[in-house]
Amino acid sequence: MNVTVIGTGYVGLVQGVILSEFGHKVICMDIDKTKIENLNKGILPIYEPGLKDILEHNVNEKRLSFTTDIKEAILNSEVIFIAVGTPPSDDGSADLKYVLECAKNIGENLNGYKVIVNKSTVPVGTGDLVEKEIEKVLGKRGVKFKFDVVSNPEFLREGKAVNDCLRPDRVVIGSESTKALDIMKKIYDVLYINKTPFVFTNRRTSEMIKYASNAFLAVKISYINEMALLAEKVGANTQEIAQAMGMDGRISPKFLHCGPGYGGSCFPKDTKAIVEIGKEYGENMSVIAAAISANEKQKQKMVEKIIKEMSGVSRKTIGILGLTFKPETDDMRDAPSIDIIRGLVINGAKIKAYCPKGIEEAKWRLKDLNRDIEFCENEVECSKGSDAIVLMTEWNQFRGMDLEELKNRMKDNFYFDLRNVHSKDDNVRKIFRYFPVGQC
Ligand code: UDX
């Protein structure tokens, strides 16, 4: 089928590339000229393992192309995915201006029946708004074309996006139109044949499934993080608590790793957005609101713990290992490292920081602290002259670090392992004054 994907962020680009891998002829459209010029040269705007190879393969096969020309993209497609950003407004609710701009463009260029697919995470009822906007523009043009707006939320994780798109746990499709559903089945033909579970539902339920899933995962993380704070006080081990909890099939062991708090482009934004949706409809989403404040508290607690154990951080040097909100991404959006570094600097610390992929973005996100932060080439350089190291993100390369070597280059020997990467290593406690999370 001929498909257009509007928006070449994480969701849109991965979706476009994978749809071309499924055999469709895909045009990825974005208003950002530089992004499109780069994509045409094979330069990707994001770091996502495995994506470049599949992209190049499908460009060579002439199934994938990139353009800034929305008219051409719309005219030549039967299915149009909207995968533009829905950034938070000042109150935390999702800002729909880019989604509605897409709807307007689609209305202006519609030339026959098409399926419009909302891939962006959007508040319940956005499908209706998109439909109305397209109708309005068609009315102005004085033309009548049939179209359907479908909700098809994306569940991909950064760093694992290619696999998540090729082998999703489920595909959710929300539409009341059988014609649109048949077309969506053709779009996901490969997955349908491979017995991927499909959920066919109405549009509003589909829109809500995405928020309900992300908010639940955020609650799960905040829950275990709060357990971890208590476990440290009572002398219990959170990793073992989580393991035993997870043996109960109703709970599952996934997403029960305690740490410095969740970050990224989805959980912080989507939890706030669903609380706002609740307010709009007169429902207090108190469990999710508590998960949000527990996450803020968690980051603060990490700062307090470092300050307490080091008897203050004023004029001390702290080496931060890992800056991104998780490994295998260059994304720094809402990374806990940002708040934790700020908290340490406010208390007088000097920071040395190393991250395999996050430094470029960290430099501009933390540019106001440039007198207090030195970015390093690797973990060894980061440890040089530091009083403490703080492992913030569990990049694989940190698992195999030579701990003795790091210690020998440090001024003092504090090691705050905020991801419990070395908590099972007997040596670590001999080399360092070692502080994991949620255990002693
Ligand atoms: C998430 C959802 O998993 C995905 O389905 C959705 O489409 C987008 O949001 P992503 O943001 O890429 O994906 O990252 P994810 O792997 O879910 O991790 C989010 C944050 O939670 C990270 O900061 C991570 O470190 C943290 N986390 C995750 C924990 O602290 N503990 C855990 O057990 C799991």
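None of these values were measured; they are calculated from a predicted model.

**Here we look at the overall build of the protein**
So, step 1. Of regular secondary structure, the protein possesses 19 helices and 14 strands.
So, step 2. Radius of gyration (C-alpha) of the protein: 24 Å, near the 22 Å computed for a compact globule of 440 residues.
So, step 3. In terms of principal-axis extent, the alpha carbons of the protein reach across some 75 × 45 × 40 Å.
So, step 4. Put simply, the protein has 440 residues, and 54% of those count as buried.
So, step 5. In the protein, once contacts between residues fewer than 6 apart in sequence are set aside, the share between residues at least 24 apart is 73%.
So, step 6. For the protein, the accessible surface area stands at approximately 20100 Å², while carbon and sulfur atoms represent 51% of it.
So, step 7. Placing the 63 positive and 62 negative side-chain charges of the protein at their respective mean positions leaves the two points 1 Å apart.

**Thoughts on the pairing of strand S10 (residues 350-354)**
So, step 1. Buried residues dominate S10, accounting for four of its five residues.
So, step 2. Pairing of strand S9 (residues 317-321) with S10, which is carried by five bridges, proceeds in the parallel orientation. Within S10, the residue paired with Leu-321 across the bridge is Tyr-354.
So, step 3. As paired elements, S10 and strand S11 (residues 373-375) share three bridges and run parallel to each other.

**A look at the site of the ligand**
So, step 1. If you check the shell around the ligand, you find 18 residues, and the closest are Phe-155, Glu-158, His-257, Lys-326 and Arg-419.
So, step 2. Glu-158 is positioned such that a nitrogen or oxygen atom in its backbone is 2.6 Å from an oxygen atom of the ligand.
So, step 3. Contact between the ligand and His-257: a nitrogen atom at 2.9 Å from a main-chain N or O atom of the residue.
So, step 4. With three residues, helix H10 (residues 203-234) is the largest single contributor of residues to the shell around the ligand.

**Re helix H11 (residues 238-246)**
So, step 1. Among the residues of H11, those classed as buried are Thr-238, Ala-242, Met-245 and Gly-246. Projected down its long axis, H11 shows its buried positions confined to an angular sector of 95°, all on one face. Away from its buried face, by an angle of more than 90 degrees, H11 presents the exposed residues Glu-240 and Gln-243.
So, step 2. Summarising the contacts, the buried residues of H11 are in contact with H10.
So, step 3. Its side-chain oxygen placed 2.9 Å from the backbone nitrogen of Gln-239, Asn-237 serves as the N-cap of H11.

**Section: the nonpolar core**
So, step 1. By size, the foremost hydrophobic cluster in this structure holds 57 residues, and its most contacted members are Ile-318, Ile-320, Leu-344 and Phe-432.
So, step 2. Of the residues forming this core, the biggest block, five residues, is contributed by helix H14 (residues 336-346).
So, step 3. When near neighbours in sequence (up to four residues on either side) are disregarded, Leu-344 contacts Val-303, Ile-306, Val-313, Ile-318, Ile-320, Ala-349 and Ile-351.
So, step 4. Counting residues in each nonpolar core, the second largest holds 40 residues, with Phe-66, Ala-161, Val-171 and Ile-183 among its members.

**What about the domain arrangement of the protein?**
So, step 1. Split by domain assignment, the protein resolves into domain 1 (2-201) and domain 2 (214-435).
So, step 2. In this structure, domain 1 and domain 2 have C-alpha centres spaced 33 Å apart.
So, step 3. Counting residues at the interface gives 17 residues for domain 1, matched by 16 residues for domain 2.
So, step 4. Counting each side, the surface lost to burial between domain 1 and domain 2 is near 1300 Å², with a carbon and sulfur contribution of 52%.
So, step 5. Linking domain 1 with domain 2 are one salt bridge, by the criterion used here.

**Thoughts on the packing of aromatic side chains**
Both the distance between ring centres and the angle between the ring planes are used here to describe each pair of aromatic rings.
So, step 1. Applying the stated criterion across every chain yields a total of twelve aromatic pairs.
So, step 2. Where Tyr-192 meets Phe-200, the ring centres are 6.4 Å apart and the plane angle is 65°; that geometry is what we call edge-to-face.
So, step 3. Tyr-192 sits in the partly exposed class, given a relative accessible area of 37%.
So, step 4. Summarising the aromatic geometry, the rings of Tyr-415 and Tyr-434 are spaced 5.2 Å apart at their centres and angled 70° between planes, so their arrangement reads as edge-to-face. Here the residue Tyr-415 occupies a position in strand S13 (residues 414-417), and Tyr-434 occupies one in strand S14 (residues 433-435), the gap between them amounting to 19 residues.
So, step 5. Relative accessible area serves as the criterion here: at 8%, Tyr-434 is assigned to the buried category.

**Details of unusual backbone geometry**
So, step 1. Positive phi, close to 65°, is recorded for Lys-195, a residue that is not glycine.
So, step 2. Following the sequence through the fold, Lys-195 ends up in the loop between helix H9 (189-193) and strand S8 (198-201).
So, step 3. The residue Phe-255 is not glycine, and still its phi comes out positive at about 60°.
So, step 4. Phe-255 gets classed as partly exposed once you look at its relative accessible area, which sits at 29%.

Conventions we followed
Residues numbered from 1 in each chain as written. Predicted model: local features only at pLDDT ≥ 70, side-chain atom pairs only at ≥ 80, totals over all residues. Heavy atoms only, no water. Helix = DSSP H or I, 4+ residues; strand = E, 2+ residues; numbered from the N terminus. Rg over C-alpha atoms; globule rule 2.2 N^0.38 Å. Buried < 20%, exposed > 50% of the residue type's maximum accessible area, 1.4 Å probe, protein only. Contact = heavy atoms within 4.5 Å. Areas by Shrake-Rupley, 256 points an atom, 1.4 Å probe, with all protein chains shown as cover. Lys, Arg positive; Asp, Glu negative; His and termini not counted. Charge placed at Lys NZ, Arg CZ, Asp CG, Glu CD. Pairing = 2+ DSSP bridges. Near = heavy atom within 4 Å. Polar contact = N/O pair within 3.5 Å; in protein donor to acceptor, adjacent residues only side chain to side chain. Arc of directions from axis to C-beta. Core = buried A, V, L, I, M, F, W, Y, C linked by side-chain atoms within 4.5 Å. Domains from an automatic or database assignment. Buried area = accessible area lost by both parts, 1.4 Å probe. Salt bridge = Lys/Arg side-chain N within 4 Å of Asp/Glu carboxyl O. Phe/Tyr/Trp six-rings, centres within 6.5 Å; stacked < 30°, edge-to-face > 60°.

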